[in-house]
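Here is how the chains run, residue by residue.
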Amino acid sequence: MSAPYAFINAGKQSLSWYRESLLVGGTARVKFDRVNAHLRTRLAVMPGELIIVGDDSTTMCTMEEQMLMAYARDVSQTMFASNEASAHLQTENYDFLQGIMTYGSIGVGSATSAWSTHLNGVQDTLSSVNTTYQQWRNGTFTKDQFVAQRKMLFRTLDGQLRGIGRWGTGLKNNSSIKKMLGISSKRFTRTGEIPDYVKNVKRINNVARNLSAGTMVGVALDVGAGAFEIREACSTGREQACTRAKFVEAGKMMVGLPLAGKGGGLGAKAATSLCFRMAGPTRGVSLAVCGIAGGAAGAWAGGTGGSKLGELGAAWLYELTGDE
Amino acid sequence: MSDSFLQGLVIVSCVVAIIGFGVDVYVKYRVLPSAEELLANCPVVIDAKKSWDHSGFIGRRYRLVAVNLALTSTELLHSQGLVNMDEVQRIPINLRRWICIPDTIALVSFIVGMAALALLGKL
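Note that the coordinates shown come from a computational prediction; the quantities given were computed from them, not determined experimentally.

It is worth spelling out the overall build of chain B at this point. Across its full length, chain B carries six helices and zero strands. If you list the helices and strands of chain B from N to C, you get α-α-α-α-α-α. Here chain B, with 123 residues, has 41% of them falling under the buried criterion.

Shown next, in the form of structure tokens:
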């Protein structure tokens with residue numbers, strides 16, 4: 001019995017080419033088609049997609065094969081919208097992109113969580129505008145009170161959406177806020193709700209939620225990649241390789257993650273300082289945006305360098321302890 | 001320089017990074033609130049606190065960046081009306097040390113570690 005395995009397709013290739021070059025027997029051919037059902041409907045296999053070579057000693061699908069099939073299906077579905085060029089780029093630069101996603105996202109995530117706070121602020125103001133209109137409609141406010149309250153909220157919203165503050169809100173740049181929100185007092189009296197209000201709030205909320213998850217994604221990717229390397233080394237059955245992998249991966253994480261954080265801070269400081277000198281931004285949002293680029297670059301540099309330092313440091317420590 | 005010396009530098013750099021993380025936690029949770037309290041009228045600190053107040057541990061890093069900028073780029077920020085000079089001058093020396101020295105040590109240690117890796121041909 002041979003164990004099933006999967007490999008990543010490097011370039012655009014037809015499935016029949018793989019069928020012919022990998023297999024010989026009739027049973028193996030049937031099994032190959034069965035385990036690669038996710039590719040059957042396509043003329044060509046895209047770069048980055050998984051190709052499974054099954055266990056040819058049985059026609060039934062084993063648990064391991066089913067697990068590989070699920071992974072392969074996930075990859076194909078994820079890459080469904082990609083064209084050949086972008087799929088090829090992903091496959092060729094997988095390690096580099098993974099590095100950016102892991103450490104860059106620690107910096108981007110923390111910086112963009114500030115953006116998420118800003119977007120939540122916009123959402124709160126929109127909610128207050130809605131409440132003000134409703135209170136006026138219910139007769140809680142006199143016309144003067146309503147106009148004063150609305151003026152104050154529109155001024156707040158105007159400040160929040162100035163310049164790049166509009167990014168992620170999905171609100172168009174119109175001459176007036178009333179036009180931008182699609183509201184007029186008369187129409188509101190008739191319909192009772194701000195047109196597009198729900199749509200805007202939903203959109204802003206989605207962007208804010210996705211952005212604030214960035215840091216956790218970065219940390220989870222790094223921990224996940226480390227755990228995978230350890231499992232891979234330990235599954236070969238060599239105790240020495242397994243212990244070494246535990247040492248090295250722990251070292252990479254213990255040094256890489258703190259340095260990614262520290263690098264993000266130093267990068268953000270350098271970028272913010274540079275922004276002040278070059279452009280002299282005012283306050284709040286501009287300051288947060290200046291930190292994004294610097295934070296991401298610093299975190300990526302710190303994390304990548306720290307990971308390398310941790311890897312080699314831990315490997316040498318392992319050798320030292322192993323020699324004793 | 002011998003290889004074992006350079007390897008030693010790499011290991012020291014790793015140890016500094018790990019200890020630095022512990023120091024970072026202390027600075028972010030014990031020193032930062034005190035410094036922010038003393039810089040209560042500096043717009044750069046107020047804005048950073050407002051933006052990153054609910055962003056947990058990593059958000060504190062950016063608040064610390066704002067305090068660090070207020071202490072190290074005071075003249076520049078003052079010219080743009082982003083700091084209150086009196087408040088910055090009143091910051092005690094021990095708080096300044098906690099905020100500025102760990103970052104400098106981390107940066108120097110990282111550069112030394114990377115230089116050692118480069119000299120060993122492992123970069």
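A few words now on the overall build of chain A. On a plain count of helices and strands, chain A comes out with 12 helices and four strands. Burial status across chain A gives 37% buried among its 324 residues. The contacts in chain A between residues at least 6 apart in sequence include a share of 76% that link residues at least 24 apart.

It is worth spelling out the pairing of strand E4 (residues 50-53) of chain A at this point. Consecutive side chains along a regular strand alternate between the two faces of the sheet. All names here are of chain A. The two faces of E4 match: Leu50 and Ile52 on one face and Ile51 and Val53 on the other face are all buried. Pairing between strand E1 (residues 5-8) and E4: four bridges, direction antiparallel. Of the residues in E4, the one forming a bridge with Ile8 is Leu50.

Attention now goes to the nonpolar core. Of all hydrophobic cores here, the largest spans 23 residues; its most connected members are Leu309 of chain A together with Val10 and Cys14 of chain B. Those elements that place two or more of their residues in this core are helix H11 (239-278) and helix H12 (285-323) of chain A together with helix H1 (3-38) and helix H6 (93-120) of chain B. Each residue touching Cys14 of chain B, except ones within four places of it in the same chain, is listed here: Gly251, Val255, Leu309, Gly310 and Gly313 of chain A. Counting residues in hydrophobic clusters, the runner-up holds 22 residues, among them Ala35, Ala48, Tyr62 and Leu64 of chain B.

Rules used in this analysis
- Residues numbered from 1 in each chain as written.
- Chains lettered and ligands numbered in written order.
- Predicted model: local features only at pLDDT ≥ 70, side-chain atom pairs only at ≥ 80, totals over all residues.
- Helix = DSSP H or I, 4+ residues; strand = E, 2+ residues; numbered from the N terminus.
- Buried ≥ 20, exposed ≤ 12 C-beta atoms within 10 Å, placed from the backbone.
- Contact = placed C-beta atoms within 7 Å.
- Pairing = 2+ DSSP bridges.
- Core = buried A, V, L, I, M, F, W, Y, C linked by C-beta atoms within 7 Å.

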